[in-house]
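Each chain is listed here by its residues.
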Amino acid sequence: MHHPQPDTPNRKRLTPMGRRALRVAVWLAMLPALAMAADPRELHLASDVWPPFTGEAGGARVAFELVNTALERARIDTTTAIVDWKEVEAGIRQGRFDGTAAMWRTEKREENLVFSEPYLENRLVLVGRKGSDVTAARMSDLAGKRVAAVGRYAYGEEVEQAVGVVFINARNDQDGLDKLLAGDVDYMLVDELVVRYLLTYQHDDAAAKLEIGSTPLARRTLHFALRRTVPGADDIVESFNAEIDGMMADGTYSRILQVGWIRVDIDGDGRDELVALGESVTPPPFGGVYDVFGEEPEVPPEKQRIFVAGSVYEGWDAIPDRYKGPAGPTEPTFKYGTTIFSLKF
């Protein structure tokens, strides 16, 4: 449990007692020994083409960039082969690959793999043609409807066990959108992050042609994973966890995802904070906030806990004036890598 400092009742300074802070401290203590290693290890990873999360250089691959940046910061070299997903899994089992940047965690996979803590969450929301009813709260509400989905079985029992829903396989989101606009399906399932990109960067087309639901119908956390037989696998994964935490705190994570503000438990005390992008923050409502995990709270943004410049403040009024900038655009403009995802309408 964390408590505010007595002389600053609205401000809570991060302490090493937080789960994230403790993990970072442990990793920092390991760095000198790792730096002295005679034979630094290079990881040979594999991923498939899954925009906007993984894929070839030059395409949208935010998960790939998050993982590679975290490993680079941890002084771990990597190479990545882009192959079909079946070859990713087979190659890891056969020892040709050490692991993968993006995998959903299952009990079966844990037998042979060390998984990182989740660094992203895949949330499927319902998308229909303009005028469609997208208020379904669960997959079973779509009984009798034709729904396009990419890799639907991997999303777990919410999708796999949906009785009466006619799933139509889509090669990718573009294929699903083509089927939707052509009337071949009634709906498509789309990751919430993809929806966010559409509403931010292709707002006019999306608003004119699509109805977008707000309730996730399936959720899976995304992890970095290594074979248990990789030397130092546990330490590598732990260092990755620490670097992801640091990236969330210093803005690197938000810049790679191109989302601006994020909501996440930044200090590991079980409560979420709004994490600013940079050290100059504009007045609430801060533009669109991306929930890394969980649901948006009912408390308005100005009353939520806010992380700025290494400290957590209990609401907007508690933030020192030196960090407050003038009101500006509700969404930042990014020019980071090639991570922006778009579809053709």
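It should be emphasised that the depicted structure is a prediction, and the values quoted were computed from it without experimental measurement. (Residues numbered from 1 in each chain as written. Predicted model: local features only at pLDDT ≥ 70, side-chain atom pairs only at ≥ 80, totals over all residues. Heavy atoms only, no water.)

Thoughts on the side chain of Asp265
Keep this limit in mind: For the purposes of this entry, the term helix denotes a DSSP run of H or I that reaches at least four residues, the term strand denotes a run of E that reaches at least two, and both are numbered from the N terminus. For every residue, the accessible area obtained with a 1.4 Å probe (protein chains only) is divided by the maximum for its type, and the residue is called buried under 20%, exposed over 50%, and partly exposed between those limits. As used in this structure description, the phrase polar contact means that two N or O atoms lie within 3.5 Å; if the pair is within protein, one of them must be able to donate a hydrogen and the other to accept it, and residues adjacent in sequence are counted only when both atoms belong to side chains.
Mapping Asp265 onto the fold places it in the loop between strand 12 (262-264) and strand 13 (273-275). Relative accessible area serves as the criterion here: at 10%, Asp265 is assigned to the buried category. At a separation of 3.0 Å, a polar atom in the side chain of Asp265 contacts the main-chain amide nitrogen of Gly268.

Regarding the side chain of Ser47
The criterion, for reference: For this analysis, residues touch if any pair of their heavy atoms sits within 4.5 Å.
Within the secondary structure, Ser47 is located in strand 2 (residues 42-47). Its relative accessible area of 1% is what places Ser47 among the buried residues. Excluding its chain neighbours within four sequence positions, the residues that come into contact with Ser47 are Thr54, Thr80, Ala81, Ile82, Val83, Val88, Thr100 and Ala101.

Let's talk about the environment of Ile168
Relative to the helices and strands, Ile168 is located in strand 8 (residues 166-169). Separated by 16 residues in the primary sequence, Ile168 and Asp184 have C-alpha atoms spaced 9.1 Å apart. In contact with Ile168, other than residues within four places in its own chain, are Arg146, Val147, Ala148, Ala149, Lys179 and Val185.

Considering the confidence of the model for the chain
Let me state the cut-off plainly: Confidence of the prediction at every residue is given by pLDDT, a number between 0 and 100.
Chain-level pLDDT for the chain is 84 on average; 82% of the residues reach the 70-or-more range. Averaged pLDDT values over the elements of the chain bottom out at 43 in strand 1 (residues 11-13) and peak at 98 in strand 5 (residues 113-115). Below pLDDT 50 for its whole length, residues 31-39 participates in 2 contacts with residues either more than four positions away or in separate chains. Long-range and interchain partners of residues 334-339, a stretch whose pLDDT sits below 50, account for 22 contacts in this model, where long-range means more than four residues apart.

So, unusual backbone geometry
Residue Pro52 is reached from Pro51 by a cis peptide bond, and omega for that bond is 5°. Here Pro52 shows up in the loop between strand 2 and helix 2 (62-73). The backbone phi angle of Ala309 is positive, close to 55°, even though this residue is not glycine. Position of Ala309 among the secondary structure elements: in the loop between strand 15 (305-308) and strand 16 (311-314).

Focus on the environment of Pro297
With respect to the secondary-structure elements, Pro297 resides in the loop between strand 14 (290-291) and strand 15. Taking the C-alpha atoms as reference, Pro297 lies 9.2 Å from Asp272; in sequence the two are 25 residues apart. With near-sequence residues (within four places) excluded, Pro297 lies in contact with Arg263 and Gln304.

Considering the packing of helix 2 against helix 9 (residues 233-250)
Worth spelling out the cut-off: Only the stretch in contact is used when a helix axis is fitted, and all axes are lines through C-alpha atoms; the angle between N-to-C directions ranges over 0 to 180 degrees. For this classification, under 35 degrees means roughly parallel, over 145 means roughly antiparallel, 65 to 115 means roughly perpendicular, and everything else is oblique. Residue classes follow a fixed rule: Ala, Val, Leu, Ile, Met, Phe, Trp, Tyr, Cys and Pro count as nonpolar, while Asp, Glu, Lys and Arg count as charged, and any other residue, Gly among them, counts as polar.
Running from N to C, helix 2 and helix 9 cross one another at 105°; their axes reach a closest spacing of 8 Å. Classified by the angle between their axes, helix 2 and helix 9 sit roughly perpendicular to one another. Residue-level inspection shows Leu66, Val67, Thr69, Ala70, Leu71 and Arg73 of helix 2 in contact with helix 9, the latter providing Ile236, Phe240, Glu243, Ile244, Gly246, Met247 and Asp250. Counted by class, the contact of helix 2 with helix 9 contains 8 nonpolar, 2 polar and 3 charged residues.

Some points on the nonpolar core
The following threshold applies: Only buried residues count toward a nonpolar core. Its members are Ala, Val, Leu, Ile, Met, Phe, Trp, Tyr and Cys residues joined through side-chain atoms within 4.5 Å.
Ranked by internal contacts, the top residues of the largest apolar core, which has 61 residues, are Leu43, Leu71, Tyr119, Phe224, Tyr253 and Leu257. Membership of the second largest hydrophobic core comes to 16 residues, among which are Leu124, Leu126, Val134 and Tyr187.

So, the pairing of strand 6 (residues 120-129)
Cut-off, in case you're wondering: Two strands qualify as a pair provided that DSSP identifies no fewer than 2 bridges between them.
Burial within strand 6 is extensive, with 9 of its 10 residues counted as buried. Note that strand 6 and strand 11 (residues 218-227) share 5 bridges and pair antiparallel. Across the sheet, residue Glu121 finds its bridge partner in strand 11, namely Thr221. Bridge count for strand 6 against strand 9 (residues 187-191) is 5 bridges, and the pairing is antiparallel. Note on strand 9: the bridge partner recorded for Val127 is Met188. As defined by bridge partners, strand 6 adjoins strand 10 (residues 210-212) across 3 bridges and the pair is classed as antiparallel. Residue pairing across strands places Gly128 opposite Glu211, the latter belonging to strand 10.

Observations concerning helix 9
Rule in force here: Each helix should span, by expectation, one fewer than its residue count multiplied by 1.5 Å.
The end-to-end C-alpha distance of helix 9 is 26 Å, a good match for the 26 Å that 18 residues give at a rise of 1.5 Å each. Of the residues flanking the end of helix 9, it is Gly251, one or two places downstream, whose phi is positive at about 95°.

Examining the pattern of salt bridges
As a reminder of what qualifies: Think of a salt bridge as a Lys or Arg side-chain nitrogen and an Asp or Glu carboxyl oxygen that are within 4 Å of each other.
Per the stated rule, a full pass over the model turns up 21 salt bridges. For Asp250, the salt bridge goes to Arg73, with nearest N and O atoms at 3.1 Å. In this pair, Asp250 is assigned in helix 9 and Arg73 in helix 2, connecting sequence segments 177 residues apart. In this structure Asp250 comes out as partly exposed when scored by relative accessible area, which is 38%. Judged by relative accessible area, Arg73 falls into the partly exposed class, the value being 32%. Asp269 is the partner of Arg305 in a salt bridge, and the nearest nitrogen-oxygen pair spans 3.1 Å.

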